[in-house]
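Take a look at the letters that make up each chain.
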Amino acid sequence: MEDMFIIMWIIIIAGILYSFKEFGKKQYAIGIEDAINMHHSGALKYRIVQTKNGKNKIEIKVNGG
């Protein structure tokens, strides 16, 4: 009987972890879609600048924000 509860909890935890993973993928896709739309409409401006260390950095400006 105890083995049944352990197996049940493992399945529940695996389902929760899978749900979080899929939710993260969906949120990332929505964020990329929003950024593309904002860039296309001109609401999102960005430029690439170099830091003192010589690394490239992106500065992002959102009009109205």
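In what follows, the structure referred to is the one given above.
Residues numbered from 1 in each chain as written. Predicted model: local features only at pLDDT ≥ 70, side-chain atom pairs only at ≥ 80, totals over all residues. Heavy atoms only, no water.

1. Here's the deal with a nonpolar patch on the surface
Now for step 1: A cluster of nonpolar residues, Met 1, Phe 5, Met 8, Trp 9, Ile 12, Ile 13, Ile 16, Leu 17 and Phe 20, forms a patch on the protein surface that exposes about 1000 Å² of accessible area.
Now for step 2: For Phe 5, the location among the structural elements is in helix α1 (residues 2-41). (Patch = residues over 30% accessible without salt bridge, like charges linked within 9 Å, V, L, I, M, F, W, Y side chains within 5 Å. Areas by Shrake-Rupley, 256 points an atom, 1.4 Å probe, with all protein chains shown as cover. Salt bridge = Lys/Arg side-chain N within 4 Å of Asp/Glu carboxyl O. Helix = DSSP H or I, 4+ residues; strand = E, 2+ residues; numbered from the N terminus.)

2. Focus on α1
Now for step 1: Between its first and last C-alpha atoms α1 spans 59 Å; for 40 residues at 1.5 Å apiece the expected length is 58 Å, and the two agree.
Now for step 2: At the C-terminal side of α1, Gly 42 shows a positive phi close to 90°. (Expected span 1.5 Å × (residues − 1).)

3. Notes on the pattern of salt bridges
Now for step 1: Taken as a whole and assessed by the stated rule, the structure comprises 2 salt bridges.
Now for step 2: Across the pair Lys 25 and Glu 22 runs a salt bridge, and its minimum N-O distance is 3.5 Å. With Lys 25 and Glu 22 both in helix α1 and 3 residues apart, this pair spans about one turn of that helix.
Now for step 3: For Lys 25, a relative accessible area of 48% puts it in the partly exposed group. (Buried < 20%, exposed > 50% of the residue type's maximum accessible area, 1.4 Å probe, protein only.)

4. With respect to the environment of Ala 14
Now for step 1: Note on placement: Ala 14 falls in helix α1.
Now for step 2: The spatial distance from the C-alpha of Ala 14 to the C-alpha of Asn 63 is 42 Å, given a sequence separation of 49 residues.

5. Here we look at the pairing of strand β2 (residues 56-62)
Now for step 1: Within β2, only 0 of the 7 residues are buried, which leaves it mostly out in the open.
Now for step 2: Bridge count between strand β1 (residues 44-50) and β2: 7 bridges; the pairing is antiparallel. Bridging from a neighbouring strand, Lys 45 pairs with Lys 61 of β2.
Now for step 3: From the end of β1 to the start of β2, which pair antiparallel, there are 5 residues, and Gly 54 there has a positive phi angle of about 90°. (Pairing = 2+ DSSP bridges.)

Honestly, that's just the spatial picture; any functional story needs more than this.
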